[in-house]
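Chain residues, written in single-letter form:
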Amino acid sequence: MNGSSPLLDVQEVSLTFKNVAALSRVTCRVDKGSITSLIGPNGAGKTSMLNCISGRYTPTKGKISMDGRELTGVPAHKRTGFGLARTFQNIALFRGLSVLDNLMVGRHSRLGYGLLASILYLGKARREETRHRRRVEEIIDFLNLSPYRHTIAGHLPYGVQKKVELGRALAAEPQLLLLDEPMAGMNLEETEDMARSILDINEEWGVTVFLVEHDMGVVMDISDHVIVLDFGRVLASGTPQAVQTNPKVVSAYLGDEDGLYKGR
Amino acid sequence: MSMHKCGLFYTTYAAEDGLFRSRFQKLCLGLFLAAMLALPQLVDSYAVSILNLILIAVIGAVSLNLLTGMCGQMSLGHGAFVGVGAYGAAILSNAGAPFVAALLGGGAISAMVGMVFGIPSLRLKGIYLAISTLAAQLILEYVFLHASSLTGGANGLPVDPPQILGFAFDTDARIFYLILAVTALCVLAVTNVSRTRHGRAFVAIRDYHQSAENVGVNLFAYKLQAFGLSSFLAGVAGGLWSHYTMYITPEQFSMGLSISYLAMIIIGGMGSVIGSIFGAAFITLLPEMLNLLISSLGGIAPDLSAVIVPMKEGVFGLMLVLFLIFEPEGLARKWRLTKAYWKLYPFAY
């Protein structure tokens, strides 16, 4: 740890589904301003962890706090107010909306007007729409999405959809961005592009990134800190170099000589 | 030499977000409205009565499209919500409330009832929600029939034609202008919702409710708002209906009405405001067209009408199936394609 304050603090979180433990007593932290990655073999509980943080699952035990404020028990739709945004492993775009509207939905909680203002679409609603549109256009420019601005999201190629999803999360102007396998299914060029975007988001915009990813090359390249999960437990945690040479991590990924069931 | 722009170029976001973005669009709308205003003077009162029914159906269809097409919440009880508004407005009107208050009151009652029946939408999706709204339809029909002290039961409920500031809308042509104005307001309201924060949130719920939740949309609150707003407009349609027909009975707001609203939005185009208008016109005109066909064939083959008349329901069903197969996105898509074709004409590349 480099001594800076944790933005996200996960304390002893356990999650069980009908006696099957998805996570058991996970403790980890994400430092403010860092890119922290969560890795682990399939079924290790990475996405479950993200779902606990974003509010889809409620941990059976333990607590999660962000910037000193307790997150556990807060409904998912209120967590954007804490500065939290996420993307999904499988593309979870609003397929029927244009790219622009997808990003505008991303800003949903930042727009303040009510249903009646929506119906009348006068003064306040109109001003807010224009103001937030300006901000959304900046994100569109940043991610090079301008050619697709008015294209229906469902009609876009896969790699672009992944970017739109990143854009939608960014539109909320989060402090902490949870990315669930943003490089999955992408070719080398798209992967590099995405990695570059993530670094820019982190460095230029000062957004803390919590990344779940299988592409080890990317993870080791861009992360400040890596957490390894296996069977719902934290196996190791540290700098990319330290984690890579950790014998427990090596055996979790490659298996060890004595077979699968040895004391894990 | 003067140069003309070969397309629409905006210099402000506000201009691009406008409802009618080109002078041509404004001109078309102006001409359309002028034609609508002149129409009652040009056609007979039967044709005006059909127009009135179309306009009322437009409100019903556009409100169902808000709920089902945009927000993705299937409803098989929309006809009953129209009925709640029809009875609500009629009862208020008979109790001495002025027409506008009765109309809004009917809408408000319908909105409340719609929100109550929308509560299961938190847990139920798709076909399961459809069944629970079917329950709403059956329960409300039962209430219309058996709360006879309020609704007149099977005998029905008479209503006086609407009066605003002493002016009675007592002929088809007079009430046409009133219905046209209310319909225009309702269509404008839904259009505005569809292009702003709430409409986007509705579509987000339809397309991917989990990510909608993660961007900060309170699913339950927004589903209830969709049910509330949709039922409010349905109630307004009902209020116009009862004041226009001047007599309502429970069987007018049966399952069949709910199905025909669904047919309107399927044929018109799910989630499309203009599609709802096309769909409402199409479904309302369909029986008229069949009648016309029968009567024009009457001279040639008089026996034919005996065969075709009972087939009306079948034709209705057949149209629906054909649309689902050949144009699942409805008349709204046809309209889009036609516009795109003429935009490029005669250079279609």
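Residues numbered from 1 in each chain as written. Chains lettered and ligands numbered in written order. Predicted model: local features only at pLDDT ≥ 70, side-chain atom pairs only at ≥ 80, totals over all residues. Heavy atoms only, no water.

**Brief notes about the overall build of chain A**
If you tally the helices and strands in chain A, you get nine helices and ten strands. Taken against the 2.2 N^0.38 rule, which gives 18 Å for 264 residues, the C-alpha radius of gyration of chain A at 19 Å falls within 12% of a compact globule. When its C-alpha atoms are laid out on the principal axes, chain A stretches across 70 × 40 × 35 Å. By residue count, 53% of the 264 residues in chain A fall in the buried class. On chain A, the mean spot of the 31 positive side-chain charges and the mean spot of the 30 negative ones are 10 Å from each other. (Helix = DSSP H or I, 4+ residues; strand = E, 2+ residues; numbered from the N terminus. Rg over C-alpha atoms; globule rule 2.2 N^0.38 Å. Buried < 20%, exposed > 50% of the residue type's maximum accessible area, 1.4 Å probe, protein only. Lys, Arg positive; Asp, Glu negative; His and termini not counted. Charge placed at Lys NZ, Arg CZ, Asp CG, Glu CD.)

**Details of the domain arrangement of chain A**
Residues and elements named next belong to chain A. Examined at the domain level, chain A breaks down into domain 1 (6-83 + 174-254) and domain 2 (94-161). The C-alpha-based centres of domain 1 and domain 2 are spaced at 28 Å. The interface of domain 1 with domain 2 comprises ten residues on the first partner and seven residues on the second. Both sides of the domain 1 and domain 2 interface together cover about 650 Å² of buried area, and 66% of this is carbon and sulfur. Counting the surface domain 1 buries against domain 2, the share from its top three residues, Thr80, Met186 and Trp205, is 51%. Where domain 1 touches domain 2, the interface holds zero salt bridges. (Domains from an automatic or database assignment. Contact = heavy atoms within 4.5 Å. Buried area = accessible area lost by both parts, 1.4 Å probe. Salt bridge = Lys/Arg side-chain N within 4 Å of Asp/Glu carboxyl O.)

**Description of the interface of chain B and chain A**
If you look at the interface, chain B gives 30 residues, while chain A gives 36 residues. Inspection of the region where chain B meets chain A yields three salt bridges. At the boundary of chain B with chain A, the tally comes to 15 residue pairs in polar contact (both at pLDDT 80 or more). Elements with a minimum of two residues in the side of chain B that touches chain A: helix H1 (13-16), helix H8 (172-194), helix H9 (197-207), helix H10 (209-214) and helix H11 (219-245) of chain B. At eight residues, the largest contribution of residues to the side of chain B that touches chain A is made by H9 of chain B. (Polar contact = N/O pair within 3.5 Å; in protein donor to acceptor, adjacent residues only side chain to side chain.)

**Side note on the state of the cysteines**
In total, this model carries zero disulfides over all chains according to the counting rule given. Cysteine Cys52 of chain A shares no disulfide, and the gap to the nearest cysteine sulfur, in Cys28 of chain A, comes to 11 Å. Not part of a disulfide, Cys186 of chain B finds its nearest cysteine sulfur in Cys71 of chain B, a span of 19 Å. (Disulfide = S-S within 2.5 Å.)

**Description of the packing of helix H5 (residues 99-118) of chain B against H11 of chain B**
All names here are of chain B. Contact pair H5 / H11: the axes reach a minimum separation of 6 Å and the direction vectors enclose 140°. When the axis of H5 is compared with that of H11, the two are oblique. For the pair H5 and H11, the crossing hand works out as right-handed. Residues Phe99, Leu103, Leu104, Gly106, Gly107, Ala108, Ser110, Ala111, Gly114, Met115 and Gly118 of H5 form the contact with H11, whose own contacting residues are Leu224, Phe227, Gly228, Ser231, Phe232, Gly235, Val236, Gly239, Leu240 and His243. Within the contact of H5 with H11, the residues separate by chemical class into eleven nonpolar, ten polar and no charged. (Axes fitted to C-alpha atoms, helices over the stretch in contact; angles between N-to-C directions. Parallel < 35°, antiparallel > 145°, perpendicular 65-115°, else oblique. Left-handed = near helix turned anticlockwise from the far one by under 90°. Nonpolar A, V, L, I, M, F, W, Y, C, P; charged D, E, K, R; others polar.)

**Let's talk about the packing of aromatic side chains**
For the structure shown, the criterion picks out 14 aromatic pairs over all chains. Centre to centre, the rings of Phe17 of chain A and Tyr57 of chain A are 5.3 Å apart; their planes meet at 80°, and the pair counts as edge-to-face. One end of the pair, Phe17 of chain A, is in strand E1 (residues 6-17); the other, Tyr57 of chain A, is in the loop between helix H1 (46-54) and strand E4 (61-66), with 40 residues separating them in the sequence. The class for Phe17 of chain A is partly exposed, based on a relative accessible area of 38%. With centroids separated by 5.4 Å and ring planes inclined at 85°, the aromatic side chains of Tyr341 of chain B and Trp342 of chain B adopt a geometry described as edge-to-face. In this structure an aromatic cluster arises from ring pairing among Tyr87, Phe144, Trp241 and Phe253 of chain B. The aromatic ring of Phe88 of chain A is capped on one face by Arg86 of chain A, whose charged end is 4.2 Å from the ring centroid. (Phe/Tyr/Trp six-rings, centres within 6.5 Å; stacked < 30°, edge-to-face > 60°. Lys NZ or Arg CZ within 6 Å of the ring centre and 35° of its normal.)

**With respect to the nonpolar core**
Grouped together as the largest cluster of nonpolar side chains are 86 residues, with contacts concentrated most on Phe202, Leu240, Trp241, Ile248 and Phe253 of chain B. With 15 residues, helix H3 (residues 45-70) of chain B is the largest single contributor of residues to this core. In this structure Leu240 of chain B touches Ile56, Ile59, Phe99, Leu103, Ile179 and Val182 of chain B, once residues within four positions along its chain are discounted. Counting residues in hydrophobic clusters, the runner-up holds 35 residues, among them Ala85, Leu93, Met183 and Met186 of chain A. (Core = buried A, V, L, I, M, F, W, Y, C linked by side-chain atoms within 4.5 Å.)

**Brief notes about the environment of Asp221 of chain A**
Turning to its location among the elements, Asp221 of chain A is positioned in helix H7 (residues 216-222). Through-space distance from the C-alpha of Asp221 of chain A to that of Pro240 of chain A is 8.1 Å; in sequence the pair is 19 residues apart.

**Observations regarding the sheet that holds E1 of chain A**
Paired through backbone hydrogen bonds, the strands of a sheet run either parallel or antiparallel to each other. All names here are of chain A. Judged by pairing direction, the sheet is antiparallel, and its four strands sit side by side in the order E2-E1-E4-E5 without closing on themselves. Since the sheet does not close on itself, it has two edges, and those belong to strand E2 (20-31) and strand E5 (69-70), each with one partner. Relative to E2, E1 is paired through eight bridges, and the arrangement is antiparallel. Counted as the bridge partner of Pro6 is Asp31 from E2. Running at roughly 65° to E2, H1 makes contact with E1, E2 and E4 of the sheet. (Pairing = 2+ DSSP bridges.)

**Side note on the side chain of Ser230 of chain B**
Position of Ser230 of chain B among the secondary structure elements: in helix H11. The exposure class of Ser230 of chain B is buried, given its relative accessible area of 0%.

**What about unusual backbone geometry?**
Excluding glycine, residues mostly carry a negative phi; peptide bonds, for their part, are mostly trans. Residue and element names in this part refer to chain A. Even without being glycine, Asp67 reaches a positive phi, approximately 55°. On the basis of relative accessible area, Asp67 is assigned to the partly exposed category, the value being 37%. Despite not being glycine, Glu181 has its phi angle at roughly 50°, a positive value. Topologically, Glu181 is positioned in the loop between strand E7 (176-180) and helix H6 (188-204). Since its relative accessible area comes to 7%, Glu181 is described here as buried.

**Section: the side chain of Thr87 of chain A**
Residues and elements named next belong to chain A. With respect to the helices and strands, Thr87 occurs in the loop between strand E6 (84-86) and helix H2 (99-106). Residue classification places Thr87 among the buried positions, given a relative accessible area of 6%. A distance of 3.4 Å separates a polar side-chain atom of Thr87 from the backbone nitrogen of Asp180. If we skip the residues at most four places from it in the chain, Thr87 touches Glu165, Leu166, Ala169, Leu178, Leu179 and Asp180.

**A closer look at the pattern of salt bridges**
Counted by the stated rule, this structure contains 21 salt bridges over all chains. A salt bridge links Asp17 of chain B to Arg133 of chain A; the nearest nitrogen and oxygen atoms lie 3.6 Å apart. Pair noted here: Asp17 of chain B is in the loop between H1 and helix H2 (23-42) and Arg133 of chain A is in helix H4 (residues 123-142), and the two residues belong to different chains. Assessed through its relative accessible area of 23%, Asp17 of chain B is described here as partly exposed. Residue Arg135 of chain A pairs with Glu138 of chain A through a salt bridge whose shortest N-O separation is 2.4 Å. Of the two residues, Arg135 of chain A and Glu138 of chain A are both situated in helix H4; the distance of three residues between them amounts to about one turn of the helix.

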